[in-house]
Amino acid sequence: MENKEIKIVRLKSGEDVIASFTEDKKEKKVTLENPMHIIFKRTPSQKAGPMMYMLPWLPVEMVQDDIALIDSINVLTIFEPKGEMKEYYENIVIDAKQRMEEIGEDKIFEDESDLDEDEISEIRQALKEKRTLKRVH
C-alpha cells in the first residue's frame, strides 16, 4: 500500500469511509480503493473508552476489484487520519488480502460465527444508531 493517500471520506449519506483515495478534479470523480466503513461509538464509560469497527464498504464477496468510483458531489468532506488509524487500516486490508489468498473468494472477512454475542450486539447497536442520526446537510 505504499504511495497511497489514505483518507477518511465523509459522504453526504453520513457514512465515514477510510480508503486509499484518489481524486480526478477534471472528471469530478473520486476513487476509493479498499474502502472500509468506519463505525465509531463513544461510550459513557471512560474505562471502556470509544469503540471503532471497520467493515468492508463494498460487497467484496461479489465484486472483482475492491475499488469504488463515485461522483465528487457525493463527498461532504475529507479528513487526514492519524498515523495509528492509517496503520490499523493498512493492517486490516493486508490481513483481508491474505485471507482471500488462503481461503479463496468464498470467505474474505470473519462472519458473525467468529464473533461473540457481545461483539455482535455492539455492531448491531452502532449500525442502528448510525441509521437514526439526523443529518446536518
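Residues numbered from 1 in each chain as written. Predicted model: local features only at pLDDT ≥ 70, side-chain atom pairs only at ≥ 80, totals over all residues. Heavy atoms only, no water.

Draft legend 1. Spatial organisation of the overall build of the protein. Secondary structure summary: the protein contains two helices and six strands in total. Residues counted as buried form 29% of the 137 residues belonging to the protein. Across the protein, contacts joining residues at least 24 apart in sequence account for 54% of those joining residues at least 6 apart. When the accessible surface of the protein is totalled, it reaches about 9,800 Å², and 49% of it is carbon and sulfur. (Helix = DSSP H or I, 4+ residues; strand = E, 2+ residues; numbered from the N terminus. Buried < 20%, exposed > 50% of the residue type's maximum accessible area, 1.4 Å probe, protein only. Contact = heavy atoms within 4.5 Å. Areas by Shrake-Rupley, 256 points an atom, 1.4 Å probe, with all protein chains shown as cover.)

Draft legend 2. A look at the nonpolar core. Among the nonpolar cores identified, the biggest contains 19 residues, and Ile18, Leu32, Met54 and Tyr89 are the most heavily contacted of them. Counting residues per element, the ones that place at least two in this core are β1 (6-11), β2 (16-24), β3 (29-41) and α1 (83-103). Discounting chain neighbours no more than four positions away, the residues touching Ile18 are Ile6, Lys7, Ile8, Asn34, Pro35, Met36, Ile38, Met54, Pro81, Met85 and Tyr89. Among the nonpolar cores identified, the runner-up in size contains five residues, and Ile39, Tyr53, Ile123 and Ala126 belong to it. (Core = buried A, V, L, I, M, F, W, Y, C linked by side-chain atoms within 4.5 Å.)

Draft legend 3. Representation of the side chain of Asp16 within the structure. Relative to the helices and strands, Asp16 resides in strand β2. Taking the relative accessible area as the measure of exposure, Asp16 reaches 13% and is therefore buried. Within the local environment of Asp16, its side chain forms a polar contact with the side chain of Arg10, the two groups lying 2.6 Å apart. (Polar contact = N/O pair within 3.5 Å; in protein donor to acceptor, adjacent residues only side chain to side chain.)

Draft legend 4. Spotlight on the confidence of the model for the protein. Here the protein shows a mean pLDDT of 81. Residues at 70 or above account for 80%. Highest mean pLDDT in the protein belongs to β1 (96); lowest belongs to helix α2 (residues 117-132) (72). (pLDDT = per-residue confidence, 0-100.)

Draft legend 5. The arrangement of the side chain of Asn34 in detail. As for its placement among the helices and strands, Asn34 is situated in strand β3. Using a relative accessible area of 6% as the deciding quantity, one classes Asn34 as buried. Apart from residues no more than four positions distant in its own chain, Asn34 is found in contact with Ile18, Ala19, Asp66, Tyr89, Val93 and Lys97.

Draft legend 6. Focus on the pairing of strand β5 (residues 67-71). Every second residue of β5 is oriented toward a common face, the buried set being Ala68 and Ile70 and the non-buried set Ile67, Leu69 and Asp71. The pairing of β3 with β5 spans five bridges and is antiparallel. In the sheet register, Glu33 faces β5, and the bridge partner there is Ile67. (Pairing = 2+ DSSP bridges.)

Draft legend 7. Molecular detail of the pattern of salt bridges. The final tally for this structure, using the stated rule, is five salt bridges. Here Arg10 makes a salt bridge to Asp16, at a shortest N to O gap of 2.6 Å. Residue Lys86 pairs with Glu80 through a salt bridge whose shortest N-O separation is 2.6 Å. Here the residues in one salt-bridge network are Glu5, Lys7, Glu80 and Lys86, joined through shared partners. (Salt bridge = Lys/Arg side-chain N within 4 Å of Asp/Glu carboxyl O.)

Draft legend 8. Representation of a negative patch on the surface within the structure. A cluster of like negative charges, contributed by Asp116, Glu117, Asp118 and Glu119, occupies part of the molecular surface. Within the fold, Asp116 resides in the loop between α1 and α2. (Patch = residues over 30% accessible without salt bridge, like charges linked within 9 Å, V, L, I, M, F, W, Y side chains within 5 Å. Lys, Arg positive; Asp, Glu negative; His and termini not counted. Charge placed at Lys NZ, Arg CZ, Asp CG, Glu CD.)

Draft legend 9. Examining the environment of Phe21 more closely. Mapped onto the elements, Phe21 comes out in strand β2. In the structure, Phe21 is positioned 57 residues away from Ile78 in sequence and 9.6 Å away in space, judged by C-alpha atoms. When near neighbours in sequence (up to four residues on either side) are disregarded, Phe21 contacts Glu5, Lys7, Val9, Val30, Thr31, Leu32 and Ile78.

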